[in-house]
Amino acid sequence: MDLRLTEEQEAFAASVRAFAREHVEPTVLERDRAGRWDPDVWARVAGFGLAGLPVPEAYGGSGADVLTTGLALEALAHGGRDAGLNLSLGAHLTIGCMPIVLHGTEEQRQRWLPRMARGESIGAFAITEPEAGSDTASMRTSARREGDVFVLDGTKTFVTNGGLADVVTVVARTDPDAPASQAFTAFLVETGWAGFEVSRELHKLGNRTSPTVELSFAGVEVPEAAVLGEPGTALWKVGFECFDWERCCMIASAVGGMHRDLDECVRYAREREAFGKPIGDFGAIQHKLAQMRIRLENARFLQRQAAWRKDAGEEHQLEASMAKAYVGEAAVASALDAVQLHGGWGYVDEFHVERSLRDAKLAAIGGGTTEIQELLIARQLLG
Ligand SMILES: Cc1cc2nc3c(=O)[nH]c(=O)nc-3n(C[C@H](O)[C@H](O)[C@H](O)COP(=O)(O)OP(=O)(O)OC[C@H]3O[C@@H](n4cnc5c(N)ncnc54)[C@H](O)[C@@H]3O)c2cc1C
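Residues numbered from 1 in each chain as written. Predicted model: local features only at pLDDT ≥ 70, side-chain atom pairs only at ≥ 80, totals over all residues. Heavy atoms only, no water.

The protein is annotated in an unreviewed UniProt entry as Acyl-CoA dehydrogenase from Egicoccus halophilus. The heading Cofactor (unreviewed entry) in the UniProt record of the protein holds the text "FAD". As recorded by UniProt, the Sequence similarities (unreviewed entry) comment attached to the protein reads in full: "Belongs to the acyl-CoA dehydrogenase family." (UniProt positions renumbered as here; feature names shortened; annotations may be inferred.)

Engineer: Teacher, can you tell me more about the UniProt feature "domain: Acyl-CoA dehydrogenase/oxidase N-terminal" (unreviewed entry) in the protein here?
Structural biologist: According to UniProt, the feature "domain: Acyl-CoA dehydrogenase/oxidase N-terminal" (unreviewed entry) maps to residues 6–120 in the numbering used here. Note that residues 6–120 is 73% helix and 0% strand, and that its end C-alpha atoms are spaced 31 Å apart. (Helix = DSSP H or I, 4+ residues; strand = E, 2+ residues; numbered from the N terminus.)

Engineer: Got a minute to help me understand the environment of Ser253 in this structure?
Structural biologist: Considering the arrangement of structural elements, one finds Ser253 in helix α8 (residues 235–271). Owing to a relative accessible area of 14%, Ser253 belongs among the buried residues under this scheme. Discounting chain neighbours no more than four positions away, the residues touching Ser253 are Leu73, Glu74, Ala77 and Asn86. (Buried < 20%, exposed > 50% of the residue type's maximum accessible area, 1.4 Å probe, protein only. Contact = heavy atoms within 4.5 Å.)

Engineer: How do you make sense of the packing of helix α3 (residues 39–47) against helix α5 (residues 83–103) when you look at a structure like this?
Structural biologist: Working note: a packed helix pair is described by the angle between its axes plus the distance between those axes. Relative orientation of the contacting elements α3 and α5 amounts to 50°, with a least axis distance of 12 Å. In terms of orientation, α3 and α5 fall into the oblique class. Along this stretch, α3 crosses α5, giving a crossing that reads as right-handed. Of α5, the residues touching α3 (which contributes Val41, Trp42 and Val45) are Leu85, Leu89 and His92. Its residues assigned to classes, the contact of α3 with α5 shows five nonpolar, one polar and no charged. (Axes fitted to C-alpha atoms, helices over the stretch in contact; angles between N-to-C directions. Parallel < 35°, antiparallel > 145°, perpendicular 65-115°, else oblique. Left-handed = near helix turned anticlockwise from the far one by under 90°. Nonpolar A, V, L, I, M, F, W, Y, C, P; charged D, E, K, R; others polar.)

Engineer: Is there a simple way to explain the packing of α5 against helix α6 (residues 106–117) in this structure?
Structural biologist: At a minimum axis separation of 9 Å, α5 and α6 run at an interaxial angle of 150°. Viewed along their axes, α5 and α6 adopt a mutual orientation that is roughly antiparallel. The handedness of the crossing between α5 and α6 is left-handed. Seen from α5, the contacting residues are His92, Gly96, Cys97, Ile100, Val101, Leu102 and His103; seen from α6, they are Gln108, Arg109, Trp112, Leu113 and Met116. Class assignment for the residues of the contact of α5 with α6 results in seven nonpolar, four polar and one charged.

Engineer: How do you make sense of the packing of aromatic side chains when you look at a structure like this?
Structural biologist: How two aromatic rings sit relative to each other is given by the distance of their centres and the angle of their planes. One pass over the full model with this rule turns up six aromatic pairs. Between Phe196 and Phe217 the ring centres are 5.8 Å apart and the planes differ by 65°, which places this aromatic pair in the edge-to-face class. With Phe196 in strand β6 (residues 196–201) and Phe217 in strand β7 (residues 212–223), the pair connects residues that are 21 residues apart, well separated along the chain. Here Phe196 matches Phe217 in class, with each residue buried. (Phe/Tyr/Trp six-rings, centres within 6.5 Å; stacked < 30°, edge-to-face > 60°.)

Engineer: So what exactly am I meant to see when it comes to the nonpolar core here?
Structural biologist: As a rule of thumb, soluble globular proteins bury nonpolar side chains together. The biggest cluster of nonpolar side chains holds 86 residues, and the ones touching the most others in it are Leu50, Leu76, Leu89, Leu113 and Val171. Among residues more than four places away in sequence, those in contact with Leu113 are Val55, Tyr59, Cys97, Ile100, Val101 and Gln108. Membership of the second largest hydrophobic core comes to 20 residues, among which are Ala143, Val159, Val213 and Val222. (Core = buried A, V, L, I, M, F, W, Y, C linked by side-chain atoms within 4.5 Å.)

Engineer: Explain the site of the ligand here, please?
Structural biologist: Lining the immediate environment of the ligand, one finds 18 residues, of which Phe125, Thr128, Ser134, Phe158 and Thr369 sit closest. Backbone polar atom of Phe158 to a nitrogen atom of the ligand: 2.8 Å apart, as the coordinates give it. The contact in question runs from a nitrogen atom of the ligand to an N or O atom on the side chain of Thr160, over 2.8 Å. In isolation the ligand offers 980 Å² of accessible surface; the protein chains occlude 66% of this area. (Near = heavy atom within 4 Å. Polar contact = N/O pair within 3.5 Å; in protein donor to acceptor, adjacent residues only side chain to side chain. Areas by Shrake-Rupley, 256 points an atom, 1.4 Å probe, with all protein chains shown as cover.)

Engineer: Is there a simple way to explain the UniProt feature "domain: Acyl-CoA oxidase/dehydrogenase middle" (unreviewed entry) in the protein in this structure?
Structural biologist: This chain's UniProt record puts "domain: Acyl-CoA oxidase/dehydrogenase middle" (unreviewed entry) on residues 124–219. Secondary structure across residues 124–219 divides into 4% helix and 50% strand, with the first and last C-alpha atoms of the span separated by 20 Å.

Engineer: Just to check I follow, could you spell out α8 for this structure?
Structural biologist: Because the α-helix completes a turn every 3.6 residues, residues three or four places apart line up on one side. When the terminal C-alpha atoms of α8 are compared, their 52 Å separation across 37 residues agrees well with the 54 Å that a helix rising 1.5 Å per residue should span. Bending of α8 peaks at approximately 35° at the position of Arg247. (Expected span 1.5 Å × (residues − 1). Bend = angle between axes of the 7 residues up to and from the residue.)

Engineer: Just checking my understanding: could you explain unusual backbone geometry for this structure?
Structural biologist: Excluding glycine, a negative phi dihedral is what most residues carry, and trans is how most peptide bonds are arranged. Of note, Asn161 is a non-glycine position whose phi angle comes to about 70°, a positive value. Relative to the helices and strands, Asn161 is located in the loop between β3 (149–160) and β4 (167–173). Although it is not a glycine, Asn207 sits at a positive phi angle of roughly 50°. Inspection of the secondary structure assignment puts Asn207 in the loop between β6 and β7.

In structure tokens form, the structure reads like this:
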């Protein structure tokens, strides 16, 4: 087995890391404190070509595969330490652009993808509801047919980029009686349509530079041309693909964060002295560094394995769930170690690992919790 990246992939990751150090990291502390989304940073990310990574070249993107898209997210997090930016970019790419790439009509692709690839339009996907997260099939948002439109009513929550987007992919129940595999349809809902409202902004533990909102739909009239994919199959097709991309790719951001924290901890262990010697001389500190490195290698391997298998068209559901479950827990464990290793300075935001701890927790929740991944792994084992 040769798990090394190609020279081209290494060079690409290095260029993203350098970009992030120069354009993202200098302002992240202030933006996190303020809980502020920064359109200027986003414009730089888009200008660097990251907003259209997996979008086919025919629609203005780079046509990058899952592995390369993950590499970019990992390098952006490593260099920039802005998990919120990574969350917004990852959501834009995997659950914003990809549903349109995979399920859009030619007209929908032409309309949305070029401007999304340029970063002028930011993607968002809304499936979670206040009372339906892991159990997506219990969602209540409905779209009933009236003449040649669908009338959309309901509430979605935890929508990343929901207040920034021009168009949001919304999954709604279109058949109250059908089984889940035939009951839900996805719609490309334009945020300027009557009845669409950003009803609440959510203030989060971490990833605070990424906006997360609740969306309300009160009789929004959605034309048939805005149906995304085959009607009735949104949960099994559009939703499944979204979660698959999300699981294989977005956790690379957490891997990048783990790598940067380890770098910082090694540096601090060399520089910080206690009892007349560097703290890196103490076995307890060495143990933390070693465990962080082991978790990093495992996390990176599992994420890249899942991405590689998806790119190769191989069965990868088990690998994707293992990667998501492992990375979510490992990121929190390593962030806790990083804070502890920094002592009191780990508890204040100037040393950044405080933010890492708050940011890391999301990897175990968003896009399918650790418990849900474990459930999926166990199902595969038990048949
Ligand atoms: C910052 C952020 C951004 C997000 N972005 C988006 C987005 O862009 N679009 C979107 O649609 N959603 C988004 N989400 C929602 C996210 O995917 C859900 O929060 C997640 O899937 C969990 O759903 P829930 O919050 O309703 O928790 P619940 O499903 O209510 O779960 C509560 C607890 O019960 C556990 N649990 C539930 N069912 C089982 C079971 N069968 N077995 C064992 N344990 C179980 C869960 O693991 C969890 O610990 C985002 C969430 C956050 C926090």
